[in-house]
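Here's the letter readout for the chains.
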Amino acid sequence: MITIKSPSRLHLTLIDMNARLGRVDGGAGISLASPHVLISAEKSDTIEVVGDSFLAERMLNAVKQILPEGEGISLKIEEDMLAHVGFGSGTQAALSAAAAVNELYVLGMSVRELAIAVGRGGTSGIGVASFEMGGFIVDGGHRFSDKGSFSPSSASRADPAPVLFREDFPDWDIVLALPDTLGAHDAKEVNIFQQECPIPINEVQELSHIILMKMMPAIIEKDIESFGYCINHIQNIGFKKREVQLQHQAVRDVMTLMQDNGAYGAGMSSFGPAVYGIVDNNEDAAYLQEDVQELLDKTIGGRVIVTKANNTGAEIRRV
């Protein structure tokens, strides 16, 4: 039997949703220690996924894509994570299930090959890279001629984007707010891409400048003030600005509260509603967690947790 524990991720922003230079997407993100997906798996005469989870069907489909003909697998979902909140649960579920088959049947496939087989990474490469190596990641998007449209991963069959930059994320605390609502997904998500893109080129250029000349150096130099500045700035430009504007007012209020009450920077992951704040010590994290929980309790409900980055990627063990 094997177990696979895969990280969630924060998707900080898509970079180029204009495509004037011939490429599209690109993104920056952080792998998280929790929430995570944990599965156990062993060979079987049948194909089954056990567990009362929305991830079950996605895992079953992924298994069927790479399972050798005539073989079986019994996969059990031990722990899962929320769907459509900005953590990349679909990618982690599909890759975890595919990796289980890959390990049990010694197929020798790389994480990238698994992602292609199960159809993940067509817009953002952050989830695939998080599974493979963890850390802080910047990916280079896709040739627009290959992809052909502005679209989310769920509607794209492009191969996973190349990783341009990967660095261990510093030992900073990450306060995660999980408001009791859902982010855009499926047809609604596709429609938003079609309505909002292309993003004006000047916003793409500004965002690219911030990421290359301030955010990436801040990670290398462990400069939380500069990194926080970048996170706050990103919420007001490019595709991220459009994503934030579509949120429930309480989600935007959580972000503002974090920015005003101890977080060096706060933003929304992917299409939300998950909001994250970056702090540099446990005490500040605990105070911020309490303040945000109080706000959620008074508005739309939800919960707040404190986590760290995952700098290693998925953990695969034989037991």
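This is a predicted model, so every value here is computed, not measured. (Residues numbered from 1 in each chain as written. Predicted model: local features only at pLDDT ≥ 70, side-chain atom pairs only at ≥ 80, totals over all residues. Heavy atoms only, no water.)

Q: Tell me about the overall build of the protein chain, and please be specific about residues and values.
A: When helices and strands are tallied, the protein chain shows eleven helices and twelve strands. For 319 residues, the compact-globule formula gives about 20 Å, and the C-alpha radius of gyration of the protein chain, at 19 Å, lands near that figure. Principal-axis analysis of the C-alpha atoms places the extent of the protein chain at approximately 55 × 45 × 35 Å. Buried residues in the protein chain amount to 57% of all 319 residues. In the protein chain, once contacts between residues fewer than 6 apart in sequence are set aside, the share between residues at least 24 apart is 78%. Computed over 26 positive and 42 negative side-chain charges, the inter-centroid distance for the protein chain is 5 Å. (Helix = DSSP H or I, 4+ residues; strand = E, 2+ residues; numbered from the N terminus. Rg over C-alpha atoms; globule rule 2.2 N^0.38 Å. Buried < 20%, exposed > 50% of the residue type's maximum accessible area, 1.4 Å probe, protein only. Contact = heavy atoms within 4.5 Å. Lys, Arg positive; Asp, Glu negative; His and termini not counted. Charge placed at Lys NZ, Arg CZ, Asp CG, Glu CD.)

Q: How would you sum up the sheet that holds strand β8 (residues 173-179)? Please name residues and give values.
A: Ordered in space as β9-β10-β8-β11, the four strands form an open sheet in which the pairing is antiparallel. Where the open sheet ends on each side, the last strands, each with one partner, are β9 (265-268) and β11 (302-307). Direction aside, neighbouring strands of the sheet carry axes that sit 20 degrees apart on average. Here β9 runs beside strand β10 (residues 275-279); their pairing, made up of four bridges, is antiparallel. Bridge pairing in β10 links G265 to I278. Along the sheet face, helix α11 (residues 282-298) touches β8, β10 and β11 and points at about 170 degrees away from the line of β11. (Pairing = 2+ DSSP bridges. Axes fitted to C-alpha atoms, helices over the stretch in contact; angles between N-to-C directions.)

Q: How would you explain the packing of aromatic side chains if you had to name every residue and give the values?
A: Following the criterion strictly, the structure yields nine aromatic pairs and no others. Plain terms: the ring middles of F136 and F227 are 6.1 Å apart, the flat faces sit at 80 degrees to each other, and that makes the pair edge-to-face. Placement of the pair is F136 in strand β5 (residues 136-139) and F227 in helix α8 (residues 224-234), with a sequence separation of 91 residues. Of the two residues, F136 and F227, neither departs from the other in class, the shared state being buried. Through a chain of ring-to-ring contacts, three or more aromatic side chains come together here, namely F136, F165, F169, W172 and F227. Positioned above the aromatic ring of Y229, the side-chain terminus of K214 is 5.1 Å from the ring centre. (Phe/Tyr/Trp six-rings, centres within 6.5 Å; stacked < 30°, edge-to-face > 60°. Lys NZ or Arg CZ within 6 Å of the ring centre and 35° of its normal.)

Q: Would you mind going over the environment of E78 in detail, with residue names and values included?
A: With respect to the helices and strands, E78 occurs in strand β4 (residues 72-79). Each C-alpha atom of the pair E78 and L38 lies 5.3 Å from the other, and the pair is 40 residues apart in sequence. Among all residues touching E78, those that are not within four sequence positions of it are L38, I39 and S40.

Q: Tell me about the nonpolar core, and please be specific about residues and values.
A: L12, I30, F136, F169 and F227 are the most contacted members of the largest nonpolar core, which totals 67 residues. Other than its neighbours up to four places away in sequence, F227 contacts L12, I30, F136, F169, W172, M215, A218, I219 and I278. Counting residues in each nonpolar core, the second largest holds 19 residues, with V251, A266, V292 and L296 among its members. (Core = buried A, V, L, I, M, F, W, Y, C linked by side-chain atoms within 4.5 Å.)

Q: Account for a negative patch on the surface, naming residues and giving values.
A: Together, D52, E78, E79 and D80 line one region of the surface with negative charge. Secondary-structure assignment places E79 in strand β4. (Patch = residues over 30% accessible without salt bridge, like charges linked within 9 Å, V, L, I, M, F, W, Y side chains within 5 Å. Areas by Shrake-Rupley, 256 points an atom, 1.4 Å probe, with all protein chains shown as cover. Salt bridge = Lys/Arg side-chain N within 4 Å of Asp/Glu carboxyl O.)

Q: Report on the side chain of S31, specifying residues and quantitative values.
A: When you line up the elements, S31 lands in strand β2 (residues 23-44). For S31, a relative accessible area of 0% translates into the label buried. Here S130 takes part through its side chain, which lies 2.7 Å from a polar atom of the side chain of S31. (Polar contact = N/O pair within 3.5 Å; in protein donor to acceptor, adjacent residues only side chain to side chain.)

Q: Would you mind going over α11 in detail, with residue names and values included?
A: Across its 17 residues, α11 extends 25 Å between first and last C-alpha, which sits within 8% of the 24 Å expected from 1.5 Å per residue. Within α11 the residues assigned to the buried category are A285, L288, V292, L295 and L296. The buried residues of α11 occupy one face: seen down the axis, they fall within an arc of 95 degrees. Across from the buried face of α11, at angles greater than 90 degrees, the exposed residues are E283, Y287, E290, D297 and K298. Tucked into the core, α11 has its buried residues touching β8, α10 (249-260), β10 and β11. (Expected span 1.5 Å × (residues − 1). Arc of directions from axis to C-beta.)

Q: Please give an account of the pairing of strand β3 (residues 47-50) that cites residues and values.
A: Two strands pair when backbone bridges link them, and β3 and β4 are joined in this way by four bridges, in the parallel orientation. When the sheet's bridge partners are listed, E48 is paired in β4 with S74. Once you follow β3 into helix α1 (residues 55-66) and on to β4, the crossover reads as left-handed. (Right-handed = clockwise from strand over helix to strand, strands pointing away.)

As far as function goes, none of this settles anything; it's purely spatial.
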